[in-house]
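Structural overview
Here is what each chain is made of, one letter per residue.
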Amino acid sequence: MSTGPGADSAPVHKPTSTRRGGGSPKGTFSSLSIRNYRLFFTGAIVSNTGTWMARITQDWLVLSLTGSAAAVGITTALQFLPMLLFGLYGGVIADRYPKRRLLLVSQAALGLCGLALAALTLSGQVQVWHVYLIAFLLGMVTVVDNPARQSFVSEMVGPDQLRNAVSLNSANFQSARLVGPAVAGVLIAGVGSGWAFLINGLSFLAPLAALWLMRTGELHRVERAPRGKGQLREGLRYVAGRPDLIWPIVLVGFVGTFGFNFPIWLTAFSEEVFHVGAGTYGFLNTLMAAGSLAGALLAARRGSTRLRMLVIAAGVFGALEIAAALSPSFWLFALLLVPIGMIGLTVNITANSAVQMATDPAMRGRVMSLYMMVFAGGTPIGAPLLGWVTDTYGPRVGFATGGLVSLAAAAVIGLVLARIGNLRVAMGWRGGHPSVRFVPRAAPERLATAA
């Protein structure tokens, strides 16, 4: 496991430990051979589908109640504000207590939030402040659920299968995104929003059952951090001293804050630019999910994680968003959502797996809470800001702004990583195709070892 400071210092993952519960380190779906992870994966498919149904329905409900893209941004911001305020403390809790028990509590709480919103909507009493409040409560639960769930993966599959399992988790989430928005669109148009919220609340029974049925003796033991002072500062110092951790986190922070505001942009493009209904809005989300699923499955097949790939993917992601913002027709806009979803997932998975595999297991909860705090916690800043830009200057300017920030962040951080690693960028042609490489300054004729 590399801890070097260079632009490609994220480790090339190699199997190093004995697996529990079987499973080969090779193959796109290899980690599913492990029983505990297979249960976790199956339960997650059900709850993720419900979650995507609720997300789409929530955005459409807020837009229907207020007629404002900024209000959709406020809802999104409130859901992620707790991560910004308390995310690091969630990581301390995840490192201190058994993660399976934490997840039993957090998943039950998420289900109760979904049922509460369903009751309000089905009774006809729902108001926008109800949606705001429940979004904030969901965010509070996620503060603990996210780092516990992220770091629990390594306890189920071990280091051999970690990268594969991280990729399959994303594939799972994006597979649900293919189904959830489409079903939500049908339910909204046919029977109303409340039924989508009800299905979401009930869907959390699946992960609860999966967690309950796991064989705890087959989990990989991880030494838990004892209760003590300074654990939060210890986690921050650990990340600050590791360029291979801090720069991927900074990059996904910019991309997550400004480039992943799709609830705002897709609702605004549906309503104001293309003048389509809830069913077509669900279709646009499904197209993006198809690309995201393809990106996740491709990541599951890759055997290594490189920071060069992360930087290039973030730049391409920003450029595609700008192209989509300027699209003159609905179908060109819709088709561009597929590669946007694929490259966006590549950014997320590459950063996530690089950070997890480079982190000491005893620190993983705190590091992943920082990762999620930066990636998702920036939404309370980015969502209202870009919602205001979208309302004031139009959906095209709002979408293009997010892409421009992502592209600029990739360029700047790529140069920083190259400078740290004493590398330079070399552009040219290889095999008849354009090529971008990091090469050593001292030996420009040779490729950098990890490039």
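Nothing here was measured: the structure is a model prediction, and the numbers come from that model.

The secondary structure content of the chain amounts to 16 helices and two strands. By the burial criterion, 57% of the 451 residues in the chain qualify as buried. Of all intrachain contacts in the chain linking residues separated by at least 6 positions in sequence, the fraction that spans at least 24 positions is 82%. Split by element, the accessible area of the chain, about 18200 Å² in all, is 66% carbon and sulfur.

Turning next to the nonpolar core. Ranked by size, the top nonpolar core spans 66 residues in total, and within it L251, F262, F333, I340, Y371 and F399 carry the most contacts. Among the elements that take part in this core, helix α13 (residues 330-357) stands out by supplying eleven residues, more than any other. Each residue touching F333, except ones within four places of it in the same chain, is listed here: L266, F269, F274, L284, A324, S327 and F399.

Of note in this structure, H275 is not a glycine but carries a positive phi near 55 degrees. Structurally, H275 is set in the loop between α10 (262-273) and α11 (278-301).

Evaluated as defined, the whole model comprises three salt bridges. K99 is paired through a salt bridge with E155; the nearest N and O atoms lie 3.1 Å apart. Residue K99 is located in helix α3 (residues 99-122), and its partner E155 is located in helix α4 (residues 128-157); the two are separated by 56 residues in the primary sequence. The exposure class of K99 is buried, given its relative accessible area of 6%. Of the residues examined, E155 reaches a relative accessible area of 11% and is grouped as buried. Between E218 and R215 there is a salt bridge; the shortest N-O distance is 3.2 Å. Judged by relative accessible area, E218 falls into the partly exposed class, the value being 22%.

Attention now moves to the side chain of E321. Tracing the chain through its elements places E321 in helix α12 (residues 307-325). Judged by relative accessible area, which is 0%, E321 ranks as buried.

A few words on a nonpolar patch on the surface. The grouping of L84, L85, F86, Y89, M140 and I381 at the surface amounts to a nonpolar patch, some 550 Å² of accessible area in total. Turning to its location among the elements, L84 is positioned in helix α2 (residues 69-96). Residue class for L84 comes out partly exposed when judged on its relative accessible area of 30%.

A few words on the packing of α4 against helix α5 (residues 162-190). One way to put it is that α4 packs onto α5 with a least axis distance of 9 Å and a crossing angle of 130 degrees. Between α4 and α5, the crossing angle belongs to the class labelled oblique. The element α4 and its partner α5 pack so that their crossing is right-handed. Here V153, S154 and V157 of α4 come into contact with α5, specifically with L162, A165 and N169. In the contact of α4 with α5, the residues fall into four nonpolar, two polar and no charged.

A separate point is helix α8 (residues 231-240). Within α8 the residues assigned to the buried category are Q231, G235 and V239. One face of α8 carries all of its buried residues, which in axial projection span an arc of 80 degrees. For α8, exposure combined with an orientation more than 90 degrees from the buried face picks out R233, R237 and A240.

So, about the confidence of the model for the chain. Residues with a pLDDT of 70 or more make up 84% of the chain, whose mean pLDDT is 81. Mean pLDDT across the elements of the chain bottoms out in strand β2 (residues 433-440) (57) and peaks in helix α7 (residues 205-213) (96). For the stretch residues 1-25, pLDDT sits under 50, and the model shows 81 contacts to residues farther than four places along the chain or on other chains. Counting interchain partners and residues more than four positions distant, the pLDDT-below-50 stretch residues 443-451 has 18 contacts.

Moving on, we come to the environment of L85. Its place among the elements puts L85 in helix α2. Relative accessible area serves as the criterion here: at 46%, L85 is assigned to the partly exposed category. Note: C-alpha distance between L85 and M373 (288 residues apart in sequence) is 8.3 Å.

What follows deals with the environment of Q58. When you line up the elements, Q58 lands in helix α1 (residues 35-66). Residue Q58 is classed as buried on the basis of its relative accessible area, which comes to 8%. Sequence spacing of Q58 and L117 is 59 residues, and the spatial spacing of their C-alpha atoms is 9.4 Å. Apart from the residues within four sequence positions on either side, Q58 is in contact with T75, Q79, V131, A135 and F197.

Conventions we followed
- Residues numbered from 1 in each chain as written.
- Predicted model: local features only at pLDDT ≥ 70, side-chain atom pairs only at ≥ 80, totals over all residues.
- Heavy atoms only, no water.
- Helix = DSSP H or I, 4+ residues; strand = E, 2+ residues; numbered from the N terminus.
- Buried < 20%, exposed > 50% of the residue type's maximum accessible area, 1.4 Å probe, protein only.
- Contact = heavy atoms within 4.5 Å.
- Areas by Shrake-Rupley, 256 points an atom, 1.4 Å probe, with all protein chains shown as cover.
- Core = buried A, V, L, I, M, F, W, Y, C linked by side-chain atoms within 4.5 Å.
- Salt bridge = Lys/Arg side-chain N within 4 Å of Asp/Glu carboxyl O.
- Patch = residues over 30% accessible without salt bridge, like charges linked within 9 Å, V, L, I, M, F, W, Y side chains within 5 Å.
- Axes fitted to C-alpha atoms, helices over the stretch in contact; angles between N-to-C directions.
- Parallel < 35°, antiparallel > 145°, perpendicular 65-115°, else oblique.
- Left-handed = near helix turned anticlockwise from the far one by under 90°.
- Nonpolar A, V, L, I, M, F, W, Y, C, P; charged D, E, K, R; others polar.
- Arc of directions from axis to C-beta.
- pLDDT = per-residue confidence, 0-100.

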